[in-house]
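Remarks on the overall topology
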Amino acid sequence: MRRRVGGAVTALVIGLTGAGVAPAARAGEPAANPVIVWDRNAQTAIWDVGRQLPWEQGRSFAMVSGAVYDAVNAITGKRYQPLLTAPPATGRESIDAAVATAAYRVLASALPAQADRLREQYDQALAAIPDGPAETAGITVGDRTAAAMIAFRVNDGSTGDAEWVIGTGPGEWRPTPPAYAADGAWVADQKPFLIADPSRYRSEGPYPLAGAAYARDFNEIKSVGAVDSTTRTADQTEAAVWWHDRNVTEWQIKRQLAETQRLGVLQTARLFAMVDTTVADTGISCFDDKRAWSFWRPVTAIRAAGTDGNPRTTGDPEWTPLLITPPFPDHPSGHACATAARMATYRTYFGRDRIAYSAYSEASGTTRYFRSFSQGVEEVNNARVWGGIHFRNADLQGQKLGESVSAYITGHHFRKLRS
């Protein structure tokens, strides 16, 4: 699972940082996988330049991946269920041109402030493709799948003005220090990509404040999640920071898996679309669940423990978590929801749990290594406790929610239509 850049690494994980050489192209496919190239470009636009927050990013990545998948699926003979559309195609269209066009059109629509930069990037991509009918036809396919995606997301609730209900009583969420901010309530009202009803995945909810289970979670995070904790190890601190990085390490993992598992262009496009739409819909369901329970964060609970009616808890008015608490309710954990959804989708797609992967975090300055998808979920659940920002039950319930959304989407969408 571990750990630091420069440490001893087995041959199993050498070169798995996402910067490795792509596998040799299969017959009829571009030399470099354009789906991976444009996923990196999407990350640059969405995060490096656009600075979209985690609860905003899911929609943007899903739009790009979905349009790209529909374009590649159409050109390669509609082997799988389209996400939205399958434009007419002969198979002679340039996949490079189609992918570049689909991704560029969606990104330029979603991030209009970057129009000039994105246009320059797109023009450079087209300049590398031989002029002719194949390029022109590929552009047409990409244009059509992008247009379908853009139209699908018009008035989808992504610019809503909903607000969280701010409580004052025991167990009720309220803004937390240091910023005392409230954000992201609109996510619960977004139109999903593939699920019908976000509330269908409702979690079991927080533990009752007066019970022993709540006290167990309370006392665990009070000890190990404090900024000055003496029970949290150095590795646990690193993991908490690594998983909290807003330059999300899981973007690297997605691309890395496509490379190490030697996926072709169509299979990469399908995997990315499955993962990104699942994460987007999981986020919507997760925030719908947060709104339903509106449960207080650990920093509030620990400072106000004298009001919870539980004799097993003791308050500390100065308690501060290791990480800055996100600006919305505790239950369920959004990161646990999303990571469990990703990992469950990978497990289903590849048909096994044990695949090695790794990623580097700028926030922690380290690379962490994993042997299986379930190991990643286990660590993120722990990391949110170690960071002092989620009760363990919020993580475990988030995991269940994310896995349920993944099971639905992988069972009902992106299915094979022909060999």
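Here the structure is shown first, and the text comes after it.
Residues numbered from 1 in each chain as written. Predicted model: local features only at pLDDT ≥ 70, side-chain atom pairs only at ≥ 80, totals over all residues. Heavy atoms only, no water.

For the protein chain, the count of helices and strands is 13 helices and two strands. Its C-alpha atoms give the protein chain a radius of gyration of 22 Å, near enough to 22 Å, the size a compact globule of 419 residues would have. Expressed as lengths along the three principal axes of its C-alpha atoms, the size of the protein chain is roughly 75 × 50 × 40 Å. Put simply, the protein chain has 419 residues, and 57% of those count as buried. For the protein chain, the accessible area works out to roughly 16600 Å², and carbon and sulfur atoms hold 53% of it. When the 44 positive and 43 negative side-chain charges of the protein chain are each reduced to one mean point, those points stand 6 Å apart. (Helix = DSSP H or I, 4+ residues; strand = E, 2+ residues; numbered from the N terminus. Rg over C-alpha atoms; globule rule 2.2 N^0.38 Å. Buried < 20%, exposed > 50% of the residue type's maximum accessible area, 1.4 Å probe, protein only. Areas by Shrake-Rupley, 256 points an atom, 1.4 Å probe, with all protein chains shown as cover. Lys, Arg positive; Asp, Glu negative; His and termini not counted. Charge placed at Lys NZ, Arg CZ, Asp CG, Glu CD.)

All told, the structure shown has 21 aromatic pairs when counted by the stated rule. Between Tyr-214 and Phe-391 the ring centres are 5.6 Å apart and the planes differ by 55 degrees, which places this aromatic pair in the tilted class. Linking Tyr-214 in helix α6 (residues 212–224) with Phe-391 in the loop between α12 (373–386) and α13 (392–412), this pair joins segments that are 177 residues apart in sequence. Like Tyr-214, the residue Phe-391 is buried in the burial classification. (Phe/Tyr/Trp six-rings, centres within 6.5 Å; stacked < 30°, edge-to-face > 60°.)

The first and last C-alpha atoms of helix α5 (residues 133–152) sit 29 Å apart over 20 residues, in line with the 28 Å expected at 1.5 Å per residue. Buried within α5 we find Glu-135, Gly-138, Ile-139, Val-141, Gly-142, Thr-145, Ala-146 and Met-149. Angular distribution of buried residues about the axis of α5 spans 165 degrees; they occupy a single face of the element. More than 90 degrees from the buried face of α5, the exposed residues found are Pro-133, Thr-136 and Ala-151. Residues of α5 that are buried sit in contact with α2 (54–75), α3 (95–110) and α4 (115–127). (Expected span 1.5 Å × (residues − 1). Arc of directions from axis to C-beta. Contact = heavy atoms within 4.5 Å.)

This next bit is on the nonpolar core. Ranked by size, the top nonpolar core spans 103 residues in total, and within it Val-68, Val-72, Tyr-346 and Phe-350 carry the most contacts. The contacts of Val-72, once residues within four sequence positions are left out, are Val-35, Ile-95, Val-99, Val-265, Leu-266 and Ala-269. Counting 10 residues, the second largest nonpolar core, distinct from the first, contains Trp-164, Ala-185, Trp-186 and Phe-328. (Core = buried A, V, L, I, M, F, W, Y, C linked by side-chain atoms within 4.5 Å.)

This part takes up the pairing of strand β2 (residues 366–370). For a regular strand, side-chain orientation follows a simple rule: the groups alternate between the two sheet faces. Burial of β2 is extensive: five of the five residues sit out of reach of the surface. Two elements, strand β1 (residues 357–361) and β2, share five bridges in a ladder whose sense is antiparallel. When the sheet's bridge partners are listed, Ala-359 is paired in β2 with Arg-368. (Pairing = 2+ DSSP bridges.)

Below, the discussion takes up the packing of α3 against α4. As a packed pair, α3 and α4 sit with axes 10 Å apart at the nearest point and diverge in direction by 175 degrees. The angle between α3 and α4 falls in the class roughly antiparallel. Residues Ala-97, Ala-100, Thr-101, Tyr-104, Arg-105, Leu-107 and Ala-108 of α3 pack against Leu-118, Arg-119, Tyr-122, Ala-125 and Leu-126 of α4. (Axes fitted to C-alpha atoms, helices over the stretch in contact; angles between N-to-C directions. Parallel < 35°, antiparallel > 145°, perpendicular 65-115°, else oblique.)

Counted at 1.5 Å a residue, the expected span for α13 with its 21 residues is 30 Å, and the 31 Å between its end C-alpha atoms agrees. In the stretch just after α13, Phe-414 is the one whose phi turns positive, near 60 degrees.

The subject of this paragraph is the side chain of Gln-81. Of note, Gln-81 is situated in the loop between α2 and α3. Engagement of the side chain of Gln-81 in a polar contact is seen with the backbone nitrogen of Phe-414, the distance being 3.0 Å. Within the structure, the side chain of Gln-81 is placed 2.8 Å from the backbone nitrogen of Arg-415, a separation counted as a polar contact. Here Gln-81 is in contact with Tyr-69, Asn-73, His-412, His-413, Phe-414, Arg-415 and Leu-417, once residues within four sequence places are set aside. (Polar contact = N/O pair within 3.5 Å; in protein donor to acceptor, adjacent residues only side chain to side chain.)

For the rest of this paragraph, the subject is the environment of Ile-324. Its place among the elements puts Ile-324 in the loop between α10 (298–303) and α11 (334–350). For the pair Ile-324 and Val-275, spaced 49 residues apart in sequence, the C-alpha separation works out to 27 Å. With residues up to four places along the chain from it excluded, the contact list for Ile-324 reads Pro-178, His-244 and Ile-389.

What follows deals with the side chain of Arg-342. Checked against the element boundaries, Arg-342 lands in helix α11. Once you skip the residues sitting within four places of it in the chain, Arg-342 turns out to touch Glu-250, Trp-251, Val-275, Asp-276 and Val-279.

Peptide bonds are, in most cases, trans, and in most cases residues other than glycine have a negative phi. Residue Pro-178 is reached from Pro-177 by a cis peptide bond, and omega for that bond is 5 degrees. Along the chain, His-331 connects to Pro-332 via a cis peptide bond; the corresponding omega equals 0 degrees. Mapped onto the secondary structure, Pro-332 falls in the loop between α10 and α11. Phi is positive for Asn-155, close to 55 degrees, though the residue is something other than glycine. Relative to the helices and strands, Asn-155 is located in the loop between α5 and α6. The residue Ser-294 is not glycine, and still its phi comes out positive at about 45 degrees. Note that Ser-294 resides in the loop between α9 (265–293) and α10.

It is at 12 Å that the axes of helix α1 (residues 34–49) and α4 come closest, and there the two elements cross at 170 degrees. Judged by the inter-axis angle, α1 sits roughly antiparallel to α4. Seen from above, α1 lies across α4 with right-handed handedness. On α4, the residues touching Trp-38, Asn-41, Thr-44, Ala-45 and Val-49 of α1 are Arg-117, Leu-118, Gln-121, Tyr-122 and Ala-125. Considered class by class, the residues forming the contact of α1 with α4 number six nonpolar, three polar and one charged. (Left-handed = near helix turned anticlockwise from the far one by under 90°. Nonpolar A, V, L, I, M, F, W, Y, C, P; charged D, E, K, R; others polar.)

With that settled, the discussion passes to the pattern of salt bridges. For the coordinates displayed, the defined rule picks out 20 salt bridges. A salt bridge links Arg-153 to Asp-156; its shortest N-O distance comes to 2.8 Å. Pair check on accessibility: Arg-153 and Asp-156 agree, each one buried. Among the charged side chains, a salt-bridge network with shared partners connects Asp-189, Arg-202, Asp-288, Asp-289 and Arg-291. (Salt bridge = Lys/Arg side-chain N within 4 Å of Asp/Glu carboxyl O.)

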